[in-house]
Amino acid sequence: MAFTLRINSTPHEVDVDGDVPLLWVLRDVLDMTGTKFGCGQALCGACTVHLDGQPVRSCQTPVDSVGDSAITTIEAIGQTPQGAPLQKAWLELEVVQCGYCQSGQIMSAAALLKGTPKPTDDDIDAAMSGNVCRCGTYHRIRAAIKHAAGV
């Protein structure tokens, strides 16, 4: 089945079954490999993308449910008012250890800052609770979010 997906402000035509997860369309069909596969069950957050500005787990989002929603991936989050300072803070505070989960972490953090520009620790904990970092960089992630928010 043919779908036109609006990804990072660019239309992409794909011919896939409607039940194919958005993650695999991004990675395997469109070769956008910044979004990662972690668990396949929407539990770890590695596959987080934005759908109309809201964070979603692309591993459990069938492509036929996307419709004409705007999809934003890690490849374009740095062009947003929230993403640019987050990426800078991530580098300045050396958040990344192995880096595998970090695209999902940044996507969740960008959605947080869009809705809550000056988050508290509780806001950060709630927004980031669905993102797992096996390296345990949670303190650096929190510090980078606060740094990007100017708090």
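Keep in mind it's a predicted model, so treat the numbers as computed, not measured.

**Student:** Would you mind showing me how to read the overall build of the protein chain here?
**Tutor:** A tally of helices and strands in the protein chain yields six helices and five strands. The helix and strand sequence of the protein chain, counted from the amino end, reads β-β-α-β-β-β-α-α-α-α-α. On C-alpha atoms alone, the protein chain measures out to a radius of gyration of 15 Å, which is about the 15 Å that the 2.2 N^0.38 rule sets for 151 residues. Reported as C-alpha extents along the three principal axes, the dimensions of the protein chain are approximately 45 × 30 × 25 Å. Across the 151 residues of the protein chain, 44% fall into the buried class. Residue pairs in contact within the protein chain that sit at least 24 positions apart in sequence constitute 56% of those at least 6 positions apart. For the protein chain, the computed accessible surface area is about 7,500 Å², with 51% contributed by carbon and sulfur atoms. The centroid of the 11 positive side-chain charges in the protein chain is displaced by 11 Å from the centroid of its 16 negative side-chain charges.

**Student:** Explanation requested: the packing of helix H3 (residues 83-92) against helix H4 (residues 102-115) in the structure shown.
**Tutor:** The angle between the axes and the distance between the axes are what describe a pair of packed helices. H4 packs onto H3 with a crossing angle of 130 degrees between their chain directions and a minimal axis gap of 9 Å. Relative to H4, the element H3 is oriented oblique. Helix-helix and strand crossings are classified by hand; for H3 and H4 the assignment is right-handed. When H3 is examined against H4, the residues Leu86, Gln87 and Trp90 are found in contact with a partner set consisting of Gln102, Gln105, Ile106, Ala109, Ala110 and Leu113. Grouping the constituent residues of the contact of H3 with H4 by class yields six nonpolar, three polar and no charged.

**Student:** Explain a negative patch on the surface here, please?
**Tutor:** Together, Asp15, Asp17, Asp19 and Asp64 make up a region of like negative charge exposed at the surface. Residue position: Asp64 is located in the loop between strand S4 (54-57) and strand S5 (70-72).

**Student:** Honestly, the nonpolar core in this entry has me stumped. Any pointers?
**Tutor:** Soluble globular proteins tend to pack their nonpolar side chains together in the buried interior. Within the largest apolar cluster, 21 residues are counted, with the highest numbers of intra-cluster contacts made by Leu86, Trp90, Ile141 and Ile145. Of all the elements, H4 adds the most residues to this core, at six residues. Residues contacting Ile141, with those up to four places away along its chain left out, are Trp90, Val95, Gln102, Gln105, Met128 and Cys133. Ranked by size, the runner-up nonpolar core spans 16 residues in total, among them Val14, Leu22, Leu26 and Ile71.

**Student:** Sorry if this is basic, but what is going on with the packing of aromatic side chains here?
**Tutor:** Two aromatic rings are characterised by how far apart their centres lie and by the angle between their planes. In the structure shown here, the tally under the stated rule is one aromatic pair. Taken together, a centroid distance of 5.3 Å and an interplanar angle of 35 degrees make the contact between Trp24 and Phe37 tilted. Of the two residues, Trp24 is situated in helix H1 (residues 22-29) and Phe37 in the loop between H1 and strand S3 (48-51); the sequence distance between them amounts to 13 residues. The exposure class assigned to Trp24 is partly exposed, which follows from its relative accessible area of 30%. On the accessibility criterion, Phe37 (33% relative accessible area) is partly exposed.

Scoring rules and cut-offs
- Residues numbered from 1 in each chain as written.
- Predicted model: local features only at pLDDT ≥ 70, side-chain atom pairs only at ≥ 80, totals over all residues.
- Heavy atoms only, no water.
- Helix = DSSP H or I, 4+ residues; strand = E, 2+ residues; numbered from the N terminus.
- Rg over C-alpha atoms; globule rule 2.2 N^0.38 Å.
- Buried < 20%, exposed > 50% of the residue type's maximum accessible area, 1.4 Å probe, protein only.
- Contact = heavy atoms within 4.5 Å.
- Areas by Shrake-Rupley, 256 points an atom, 1.4 Å probe, with all protein chains shown as cover.
- Lys, Arg positive; Asp, Glu negative; His and termini not counted.
- Charge placed at Lys NZ, Arg CZ, Asp CG, Glu CD.
- Axes fitted to C-alpha atoms, helices over the stretch in contact; angles between N-to-C directions.
- Parallel < 35°, antiparallel > 145°, perpendicular 65-115°, else oblique.
- Left-handed = near helix turned anticlockwise from the far one by under 90°.
- Nonpolar A, V, L, I, M, F, W, Y, C, P; charged D, E, K, R; others polar.
- Patch = residues over 30% accessible without salt bridge, like charges linked within 9 Å, V, L, I, M, F, W, Y side chains within 5 Å.
- Salt bridge = Lys/Arg side-chain N within 4 Å of Asp/Glu carboxyl O.
- Core = buried A, V, L, I, M, F, W, Y, C linked by side-chain atoms within 4.5 Å.
- Phe/Tyr/Trp six-rings, centres within 6.5 Å; stacked < 30°, edge-to-face > 60°.

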